[in-house]
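Structural characterization, general
Listed below are the residues making up each chain.
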Amino acid sequence: QEGLKQCLAEFRQQLTWVERLDVTLGPVADPVSQSSSTSDAVDPENDFQREMSFYRQAQAAVLEALPRLRKLQVPTRRPDDYFAEMAKSDQQMQKIRQKLKSKQEAMERSEKAKQLRAMRKYGKKVQVEILQKRQKEKKNMLNAVKKYQKGLSDKLDFLDEEQTSSQGNKKGSASQRTKKGPNAKRRYKNQKFGFGGKKKGSKWNTKESFNDVSSFQSKVAHNKGPGKGGRGGKGGKKALNKRPGKRARQKMKNRAR
């Protein structure tokens, strides 16, 4: 301890306060803590409380030193035309700006690439789900076709899932669901111009028309009906009044001469 005091006495210089500008203060109380009547003890483990105590002590030292400097006529404000050279040159600052800009652009590119990878991953996931769904539907349809071919099922709903029918007419509407109707353009033209029906082969006989004999009339078929010139019919009288042929008329003329 004596040695420390001797060293302190050796480098201590008896100078005026203007040359030293030292201000020594004790702990400054927090006005907020005083108003709330709490203890002024600073917890050394609390960084925020410790830094605030340093800030209050420095602020109090400034408030004490400024009046003394004004009393000694020492200027404390920087003049308006004061020029101070920067610690770093403009070239160095430009390099720093370019480095910061390149770093920011690299971060933006990295973020965009990350988002793009995430979108591709999501799109691939959706595509895989769609393919799996299609494969599942195809598998179910093939199984339904096999069951129908083997006679294990009589339903054709797998051919057209959109059409639904009631339970009463399932068999009648099953064949209709397998046939696709005309498109909208064809239906519009049929509605506007009409539809004449089938032309080719329209006069051909069918099994039903061949077996249908309800309109058959034997007298008409054998020329025995009225006006056909048969025996006992009116056609006989009409045949007598018929004009004779050319040769008969010539013979009649010759006889008249």
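Remember, predicted model here, so these are calculated numbers, not experimental data. (Residues numbered from 1 in each chain as written. Predicted model: local features only at pLDDT ≥ 70, side-chain atom pairs only at ≥ 80, totals over all residues. Heavy atoms only, no water.)

Here we come to the overall build of the chain. If you tally the helices and strands in the chain, you get 11 helices and zero strands. In the chain, the succession of helices and strands from N to C terminus is α-α-α-α-α-α-α-α-α-α-α. Buried residues in the chain amount to 6% of all 257 residues. (Helix = DSSP H or I, 4+ residues; strand = E, 2+ residues; numbered from the N terminus. Buried < 20%, exposed > 50% of the residue type's maximum accessible area, 1.4 Å probe, protein only.)

Let's shift gears to helix H4 (residues 47–71). Its 25 residues place the ends of H4 37 Å apart at the C-alpha level, agreeing with the 36 Å of an ideal helix rising 1.5 Å per residue. Two or three places before Phe48, at the start of H4, stands the capping residue Asn46, its side-chain oxygen 3.3 Å from that residue's backbone nitrogen. Gln73 occupies a position one or two residues after H4 and carries a positive phi of about 60°. (Expected span 1.5 Å × (residues − 1). Polar contact = N/O pair within 3.5 Å; in protein donor to acceptor, adjacent residues only side chain to side chain.)

Once that is clear, we can look at a nonpolar patch on the surface. Together, Phe48, Met52 and Tyr55 line one region of the surface with nonpolar side chains, adding up to about 360 Å² of accessible area. Its relative accessible area of 63% is what places Phe48 among the exposed residues. (Patch = residues over 30% accessible without salt bridge, like charges linked within 9 Å, V, L, I, M, F, W, Y side chains within 5 Å. Areas by Shrake-Rupley, 256 points an atom, 1.4 Å probe, with all protein chains shown as cover. Salt bridge = Lys/Arg side-chain N within 4 Å of Asp/Glu carboxyl O.)

On average, residues of the chain score 78 in pLDDT, and 75% of them reach the 70 mark or higher. Confidence scores differ between elements of the chain, with helix H6 (residues 170–178) showing the lowest mean pLDDT of 51 and H4 the highest of 91. Low confidence marks residues 162–168, where pLDDT is under 50. Its contacts with residues over four positions away, or in another chain, come to five contacts. (pLDDT = per-residue confidence, 0-100. Contact = heavy atoms within 4.5 Å.)

So, on to the packing of aromatic side chains. Each aromatic ring pair is described using two quantities: the centre-to-centre distance and the angle formed by the ring planes. Inspection of the entire model under this criterion finds zero aromatic pairs. Over the face of the ring belonging to Trp17 we find Arg68, whose NZ or CZ atom lies 4.0 Å from the ring centre. (Phe/Tyr/Trp six-rings, centres within 6.5 Å; stacked < 30°, edge-to-face > 60°. Lys NZ or Arg CZ within 6 Å of the ring centre and 35° of its normal.)

A separate point is unusual backbone geometry. Look at Leu21: it is not a glycine, yet its phi comes out positive at around 55°. You can see Leu21 is positioned in the loop between helix H2 (17–20) and helix H3 (31–35). Residue class for Leu21 comes out partly exposed when judged on its relative accessible area of 48%. Positive phi values are uncommon outside glycine, yet Gln73 reaches one of about 60°. Mapping Gln73 onto the fold places it in the loop between H4 and helix H5 (90–150).

All right, on to the pattern of salt bridges then. Tallying each qualifying case throughout the model produces two salt bridges. When the shortest N-O distance is used, the salt bridge between Asp47 and Arg50 registers 2.8 Å. Here Asp47 pairs with Arg50, and both are found in helix H4, just three residues apart, close to one helical turn. By relative accessible area, Asp47 is classed as partly exposed at 47%.

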